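Take a look at the letters that make up each chain.
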Amino acid sequence: MSGITYLTKDALEQLKSELQKMRTVDRPAASRAIAEARDKGDLRENAEYDAAKEAQGLLEAKIQRLESELANARILEETNIDTSKVSILTKVTLTNLNSKKQVTYHLVSEKEADLKLGKISITSPIGKGLLGKQIGEIAEVQAPAGTLKFKVENITL
């Protein structure tokens, strides 16, 4: 992954602590599991050893991916966000023109998306459809259920 990842300060701290845990807790545990499996005999017929080596490989791949994400991370400050149009970190109140229901979404990075909390990714179909829209504009979003039309009612932080 070579693209820039935009994160809030909280999300960045979460990623750093996750990486720290992998390095200081998970990595030594994987090494111990390999050592224990190695002590159990012939490595050619030792499924436990093979599983421990594979788990270690997966852990190392996760560590590398996280390190890459952190190296390409950019912190977003709310003070630099323009609320005249929809962008990352803005809260957008929308009216679904099909159902006439109002919803509010907080546009965030993929790492922070959580629909239960009203946080949607800027790379999701709705997020992409809303980016750059201003209050009063209509966003047409292609979804599996068909085209959805949303009217932007309000944009805040």
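Here, every reference points to the structure presented above.
Residues numbered from 1 in each chain as written. Predicted model: local features only at pLDDT ≥ 70, side-chain atom pairs only at ≥ 80, totals over all residues. Heavy atoms only, no water.

1. Concerning the nonpolar core
- Core analysis: the largest hydrophobic core is formed by 13 residues, its most contacted members being Val86, Leu94, Leu107, Ile126, Leu130 and Val152.
- Counting only elements with at least two residues in this core, the list comes to strand S3 (91-96), strand S4 (102-108), helix H3 (125-130), strand S6 (138-143) and strand S7 (146-156).
- At 3 residues, the largest contribution of residues to this core is made by S7.
- With 12 residues, the next largest nonpolar core counts Ala11, Leu12, Ala30 and Leu59 among its residues. (Core = buried A, V, L, I, M, F, W, Y, C linked by side-chain atoms within 4.5 Å. Buried < 20%, exposed > 50% of the residue type's maximum accessible area, 1.4 Å probe, protein only. Helix = DSSP H or I, 4+ residues; strand = E, 2+ residues; numbered from the N terminus.)

2. Some details on helix H2 (residues 47-71)
- With 25 residues, H2 should reach 36 Å at 1.5 Å per residue; the first-to-last C-alpha distance of 36 Å fits that figure.
- Those residues of H2 that sit buried are Tyr49, Ala52, Gln56, Leu59, Ile63, Leu66, Glu69 and Leu70.
- Buried positions along H2 lie against helix H1 (9-38) and strand S2 (73-75). (Expected span 1.5 Å × (residues − 1). Contact = heavy atoms within 4.5 Å.)

3. Quick word on the environment of Leu76
- Along the chain, the position of Leu76 falls in the loop between S2 and S3.
- Overall, Leu76 belongs to the buried group, its relative accessible area being 19%.
- For the pair Leu76 and Leu131, spaced 55 residues apart in sequence, the C-alpha separation works out to 16 Å.
- Not counting residues up to four positions away in its chain, the partners in contact with Leu76 are Tyr6, Leu7, Thr8, Ile88 and Leu89.

4. With respect to H1
- For H1, built from 30 residues, the straight-helix expectation of 44 Å at 1.5 Å per residue is met to within 8% by its first-to-last C-alpha distance of 42 Å.
- At Met22, H1 shows its largest bend, some 35 degrees.
- Residues of H1 that are buried: Ala11, Leu12, Leu15, Leu19, Met22, Ala30, Ile34 and Ala37.
- Elements that come into contact with the buried residues of H1 comprise strand S1 (5-7), H2 and S2. (Bend = angle between axes of the 7 residues up to and from the residue.)

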